[in-house]
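Structural features, examined
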Amino acid sequence: VAINYELMHRCDFEQGLYASAKENLDKGMPFARLANENYIYSPFYLGYGKLKAVHNQKDSACFFFNRAIETARQDSDLRNVYQVYLARAKYLKYLPVAEKMNLLLQALRLADQTHFEEGRAQAAEQLSSLYDNLNLKDSSLFYFRMYRTITDSLFSERNRRNMIVNESEWVIKR
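Every value quoted in this text rests on a predicted model; they were computed, and no experiment measured them. (Residues numbered from 1 in each chain as written. Predicted model: local features only at pLDDT ≥ 70, side-chain atom pairs only at ≥ 80, totals over all residues. Heavy atoms only, no water.)

A few points about the overall build of the protein chain
- What the protein chain contains, in helices and strands, is eight helices and zero strands.
- Ordered by position in the sequence, the α and β elements of the protein chain form the string α-α-α-α-α-α-α-α.
- With the C-alpha coordinates aligned to their principal axes, the bounding extent of the protein chain is approximately 60 × 45 × 30 Å.
- Counting over 174 residues, the protein chain shows a buried share of 40%.
- By element, 51% of the accessible surface of the protein chain is carried by carbon and sulfur atoms, the whole surface being about 10,700 Å².
- Averaging the locations of the 24 positively and 21 negatively charged side chains of the protein chain gives two centres separated by 2 Å. (Helix = DSSP H or I, 4+ residues; strand = E, 2+ residues; numbered from the N terminus. Buried < 20%, exposed > 50% of the residue type's maximum accessible area, 1.4 Å probe, protein only. Areas by Shrake-Rupley, 256 points an atom, 1.4 Å probe, with all protein chains shown as cover. Lys, Arg positive; Asp, Glu negative; His and termini not counted. Charge placed at Lys NZ, Arg CZ, Asp CG, Glu CD.)

Some details on the pattern of salt bridges
- On inspection of all chains with the given rule, the structure shows seven salt bridges.
- Two residues, E6 and R10, come together in a salt bridge whose shortest N-O distance is 2.9 Å. Taken together, the positions of E6 and R10, both in helix 1 (residues 2-14) and four residues apart, correspond to about one turn of that helix.
- The exposure class of E6 is buried, given its relative accessible area of 6%.
- Judged by relative accessible area, R10 falls into the partly exposed class, the value being 40%.
- In this structure, D132 engages K137 in a salt bridge whose closest nitrogen and oxygen atoms are separated by 2.7 Å.
- Among the charged side chains, a network of salt bridges with common partners joins D112, E117 and R120. (Salt bridge = Lys/Arg side-chain N within 4 Å of Asp/Glu carboxyl O.)

Some points on the side chain of S128
- Turning to its location among the elements, S128 is positioned in helix 7 (residues 117-133).
- Non-local contacts of S128, meaning those with residues more than four positions away in its chain, are made with S140, Y143 and F144. (Contact = heavy atoms within 4.5 Å.)

As for the packing of aromatic side chains
- With the rule as written, the count across this model stands at ten aromatic pairs.
- Note on Y5 and F31: the rings are 6.1 Å apart at their centroids and 15° apart in plane angle, and the pair reads as stacked. One end of the pair, Y5, is in helix 1; the other, F31, is in helix 2 (residues 18-35), with 26 residues separating them in the sequence.
- Judged by its relative accessible area of 34%, F31 is partly exposed.
- Three or more aromatic residues link up through ring pairs in this structure, and these residues are F13, Y18 and Y91.
- Here the basic side chain of K50 rests over the ring of F13, its NZ or CZ set 4.8 Å away from the ring centre. (Phe/Tyr/Trp six-rings, centres within 6.5 Å; stacked < 30°, edge-to-face > 60°. Lys NZ or Arg CZ within 6 Å of the ring centre and 35° of its normal.)

Concerning the environment of G16
- Secondary-structure assignment places G16 in the loop between helix 1 and helix 2.
- With a relative accessible area of 36%, G16 lands in the partly exposed category.
- Sequence separation between G16 and D75 is 59 residues; the distance between their C-alpha atoms is 31 Å.

What to know about helix 3 (residues 38-54)
- Taking 1.5 Å of rise per residue, the 17 residues of helix 3 would be expected to cover 24 Å, and the 24 Å separating its terminal C-alpha atoms lies within 8% of that figure.
- In terms of residue burial, helix 3 counts as a mostly covered element, since 14 of its 17 residues are buried.
- One or two steps after helix 3, the chain reaches N56, where phi turns positive at roughly 55°. (Expected span 1.5 Å × (residues − 1).)

Remarks on the packing of helix 6 (residues 97-113) against helix 7
- Contact geometry of helix 6 with helix 7 gives a least axis separation of 8 Å together with a crossing angle of 155°. Taken as axis vectors, helix 6 and helix 7 run roughly antiparallel relative to one another. As helix 6 packs across helix 7, the resulting crossing turns out to be left-handed. Packed against helix 6, whose contacting residues are V97, K100, M101, L104, L105, A107, L108, A111 and D112, the element helix 7 presents G119, R120, A123, Q126, L127, L130 and Y131 at the interface. (Axes fitted to C-alpha atoms, helices over the stretch in contact; angles between N-to-C directions. Parallel < 35°, antiparallel > 145°, perpendicular 65-115°, else oblique. Left-handed = near helix turned anticlockwise from the far one by under 90°.)

So, in structure tokens, the structure goes:
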């Protein structure tokens, strides 16, 4: 139940429905406490951090981001640590460029380490944008190409899987 509330929070957050996103986190947190598992707590803390960040409450956002990282590290949950690095870089306004770059590079390393291709793509896309804003075109192009290569590969893999499923369904129906 906690995970479902957290997933609904993500959907609302991505649509800019911040009040509803917070409501889902608040409703899900008692279930997260019942489960008492760090892999469940960490996304909740991350969600609260992102909400605080979009409302320009930097200190509160950092508090929740730090809790999310601490909780994820207790179980060596590198994917959740990755999510926090990416969120910090994306949602905290007025971060020094060097800090933002460091967070994104750490996120990219964690995605590489965990073979998380979508994560590699997301980090590369943000790095490309960051370098583009700095007018460092070679670095921007490097990360953009990485992003495109990964997303093209993921798209091809999904299409291949869908084709296999469709062919299997067709054979079964015959």
